[in-house]
Every structure is written in structure tokens, then in C-alpha cells.
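A look at the structure
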Amino acid sequence: MTRAILIVLDSVGCGGAEDAAAYGDAGADTLGHIAQACATGQGDREGLRSGPLTLPNLARLGLSQACEASTGKPLAGLVRSEAPQGQYGYGVEISQGKDTPSGHWEIAGCPVPFKWGYFTALENSFPADLVAAIIREGALPGILGNKHASGTAVIDELAGEHITTGKPICYTSVDSVLQIAAHEEHFGLERLYALCRKVRVLVDPLRIGRVIARPFVGSAETGFHRTGNRKDFSIPPPNETILDRLAQQGREIVTVGKIGDIFAHRNTGLEIKPFGNAAMFAAALEAIEKLPDGGFCFVNLVDFDTEYGHRRDIPGYAAALEAFDRELPALEARLKLGDIVVITADHGNDPSWPGTDHTREHVPILAFGPGLPAGPIGRRESFADIAAKLGTWLGVGPVGPGRSW
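Because the structure is predicted, anything quoted here is derived from the model rather than measured. (Residues numbered from 1 in each chain as written. Predicted model: local features only at pLDDT ≥ 70, side-chain atom pairs only at ≥ 80, totals over all residues. Heavy atoms only, no water.)

1. As for the overall build of the protein
Helix and strand counts for the protein come out as 13 helices and 14 strands. Its C-alpha atoms give the protein a radius of gyration of 21 Å, near enough to 22 Å, the size a compact globule of 405 residues would have. Taken along its principal axes, the extent of the C-alpha atoms in the protein is 60 × 50 × 40 Å. Among the 405 residues that make up the protein, the fraction classed as buried is 60%. Excluding contacts between residues fewer than 6 apart, the proportion of contacts in the protein whose partners are at least 24 apart in sequence is 69%. Distance from the positive charge centre (37 side chains) to the negative charge centre (48 side chains) of the protein: 4 Å. (Helix = DSSP H or I, 4+ residues; strand = E, 2+ residues; numbered from the N terminus. Rg over C-alpha atoms; globule rule 2.2 N^0.38 Å. Buried < 20%, exposed > 50% of the residue type's maximum accessible area, 1.4 Å probe, protein only. Contact = heavy atoms within 4.5 Å. Lys, Arg positive; Asp, Glu negative; His and termini not counted. Charge placed at Lys NZ, Arg CZ, Asp CG, Glu CD.)

2. Comments concerning the state of the cysteines
In a disulfide, the sulfur atoms of two cysteines are covalently bonded to one another. Summed over all chains, the structure comprises zero disulfides. Free cysteine: Cys170, not disulfide-bonded; nearest cysteine sulfur from Cys196 at 8.3 Å. For Cys170, a relative accessible area of 1% translates into the label buried. Judged by its relative accessible area of 0%, Cys196 falls in the buried class. (Disulfide = S-S within 2.5 Å.)

3. What about unusual backbone geometry?
Positive phi values are uncommon outside glycine, yet Ala139 reaches one of about 50 degrees. At Asn267, a residue that is not glycine, the phi angle is positive and equals roughly 55 degrees. Tracing the chain through its elements places Asn267 in the loop between helix H9 (259-262) and strand S10 (270-272).

4. Things to note about the packing of helix H5 (residues 128-137) against helix H7 (residues 184-203)
Taken N-terminus to C-terminus, the directions of H5 and H7 make an angle of 145 degrees; their axes are 10 Å apart at the nearest point. Classified by chirality, the crossing of H7 by H5 is right-handed. Contacts between H5 and H7 involve Leu130, Ala133, Ile134 and Glu137 from the first element and Leu195, Lys198, Val199, Leu202 and Val203 from the second. Partitioning the contact of H5 with H7 into residue classes produces seven nonpolar, no polar and two charged. (Axes fitted to C-alpha atoms, helices over the stretch in contact; angles between N-to-C directions. Left-handed = near helix turned anticlockwise from the far one by under 90°. Nonpolar A, V, L, I, M, F, W, Y, C, P; charged D, E, K, R; others polar.)

5. Section: the nonpolar core
Within the largest apolar cluster, 84 residues are counted, with the highest numbers of intra-cluster contacts made by Ile7, Phe296, Phe324, Leu331 and Ile343. Beyond its immediate stretch of four places on either side in the chain, Leu331 contacts Ile7, Phe281, Leu285, Ile288, Val341 and Phe368. (Core = buried A, V, L, I, M, F, W, Y, C linked by side-chain atoms within 4.5 Å.)

6. Section: the pairing of strand S13 (residues 363-368)
Two faces make up the sheet, and in a regular strand the side chains alternate between them. In terms of burial, S13 is largely enclosed, as six of its six residues are buried. Here S13 shows a buried face lined by Val363, Ile365 and Ala367 and a second buried face lined by Pro364, Leu366 and Phe368. One ladder, built from five bridges, connects strand S2 (residues 87-91) with S13; its direction is antiparallel. Note that in S13 the partner of Gln87 across the bridge is Ala367. Inspection of the sheet shows strand S12 (residues 340-344) paired to S13 by three bridges, in the antiparallel sense. Note on S13: the bridge partner recorded for Ile343 is Leu366. (Pairing = 2+ DSSP bridges.)

7. What to know about the environment of Leu243
With respect to the helices and strands, the residue Leu243 is situated in helix H8 (residues 242-248). Given a relative accessible area of 0%, Leu243 falls into the buried group. Considering only alpha carbons, one finds Leu243 and Gly228, 15 residues apart in sequence, at a separation of 25 Å. In this structure Leu243 touches Ile253, Thr255, Phe263, Arg266, Asn267, Thr268, Phe296 and Phe298, once residues within four positions along its chain are discounted.

8. What to know about helix H1 (residues 30-39)
With seven of 10 residues buried, H1 is to be regarded as a mostly interior element. Along H1, the residues that are buried comprise Thr30, Leu31, Gly32, Ile34, Ala35, Ala37 and Cys38. With its phi angle positive at about 85 degrees, Gly41 sits one or two positions after the end of H1.

Right, dumping it as C-alpha cells:
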């Protein structure tokens, strides 16, 4: 039997989405613009990194060719492998939106068949009856925020008032999301989770994809910062995913990072959720060493998105990509004959783009494993092609509407 490892580099898009203009993202290109910035010195930061983007292992697998197929342009400054050792191509999202659930569900074989609900007003974003229900169900003195905001900025702005009044900070973005930030000590972590569960029920009729608990710590004197205790409360996927199919077959499933939250903990197996890309990748390596034949390991590395994309931090994003690239040989060393690894992304988050939100992009797809023939897989007309490939590879049949390559 075989094993499969699926790694989602959260937000590492490769440009080119044909419908990007409908989302205000025509021309966005996460990888392309990071590479261009690094090649021109805009990716330098003293003590962190400098010079052109350096991704020798991803390049060896065909990353530059995948990006070039998507946009028609190679990654600036990246040393390009002329004989890639992996399978390489790019995926086109058919789900509407540019958010985490849409991307991950489609990757897992379940494109979103409906339109998400959104809070579009930049100020007073939430309907008055929803605000009243949140206050009533949460036994709250009120809420703060109620607007579109950057998570770190809104905490800096309102944390002091939150601590004084006991009112949680509620905010949203262009994504289908309602986020609630609260101090772990002054408000209470479990109380925040309980509030989010109640709000999850309240926004279900509005088709809001996620309610996200955003706990933070600190003080006005030391500064405030978010912790690793984030928790997403998501709508469950409306149709079968590869996780469901594998669970029905009794296969071993390990999910690392926020995969459990994204899939509403449905058939997500052993959930491992450390904090930070390095810890999550280390946990994935440990899980892979123990993964039996027929098993599936599904990994999300979120720092690209939350720490660097949303914060429009080009040097930080580039350094995180280079750190991941350095770890790839450790993953390859743990693979057995018959294993397949697929590396992809769920959307873009171009750190050179205006604003702080995701960008509608194609995503790279790289596949490799001992004995797996190398070569182009071309344009994949849905992210769901990944689930079709992995389901076929694992012997449970293709999952969803995608086509295996």
C-alpha cells in the first residue's frame, strides 16, 4: 500500500487567476511579486535575509516552471532547475471566494456550491439584530470594533478599552468571517471559545464561513500580541471530502495545523496543532515517521498567511519560504517507496498588494515521491484534481469532481 502527504502553504499563490478582477485582484501574484522584490533589494532585512529569493529544493521540484505556466513569467532571481525532479503545474479555483475554507475544501474534493455570506460595510459591519443577539447570548456589556480591520491593528487600537469594559473586539474582512478578539486572562480563553460557539450558531443562516477566536495577551506597557490559541469555528463541508472517504475505509488520518478547524473536525483523525510553521513541520515529520501504509497526513502551514501576507511583510514572507525550503530534504528522507507528497496552496495573499486581505490567484501544485515520474501536469481546472489524484493513489477512488493527472 501507499501513503500520501498533502501540504498546504497557506496563501502561497502563483498569480494569474482569470477572474481576479472581480475580486479587485487583477495582477496580484504572491510568489512572483515576492521574487521580484527580493531580486531588486526590497526583500532585504538586516539580521533576517537579503538578496534574491533562494528556494533550491522547491526549484528542483519545478516551482519556477509551475509559476511560469500560470503567469507566463519565471520567478525573478530564482535559480531555475532545467530538469525538475517533481511533477509540477498549477490549479485554478472553481469555488467562489478567496478564503481558507473554499480553498481547502476544494483541494479535498469538495468545491463550494454556494455563495458565501459577507459583511460588506466597512463600519458598523454587522447587522443590528446580530449585534443584539451576540450581546444577549454572550451575556456581554456590548461589543467593540464592529468594522473591517486588520487583526493586529484592531487589538492595538481597542485592547485597553476591552480590558476596562469587558467588551470583546468583533471585526471582519473581505472574507466570509466574523472574528472575536479577547484577552486570555482578563476575558478568559474558555469564555472566548464558548462565545464563538454561540456566535457560530447565530451566523449560520447568513452562510458565514468562519467564526474565529483571536485570543491575545499583554498590557499597555508591554504591548499586546496574539497567541497560538486561535480556534476557527467553521461550517462543515457540504459534500464528501477525501477525509470522509478515507475514514470510511478505516485509513489512518493525521491532520496538522488548523485542518481540524477548517473541516469542522469531521473525520480529521489525529489532530496536532502546535504554534508556528517550524513546530508544525516538525510535528508533521514525526507523524509521517509513524504513519502506516494507506495513511494520509494533511498539513497546513499558516504563518505565510497570518504573519506575513496579511501584514504585507515581504522580507518576512520571503524568509518563511526559504525556511520551509531548507526543511524539505528532511521530509524527503522520511519517504518510502510508494509515498506521494503534494505541495500546494489555498489562495493568494500578495504582500505587495494594497490592503491586508487575500488575493484571488492560481496555486502551484508540486508532487514528488520515491520513483514518481517527473514532468509537467499542466493547468488543473480545479483544485479538486488534487483529491482525485490522492484518492486514486491511496486506492479509495477519486473523490469529488476533479480529474487525476
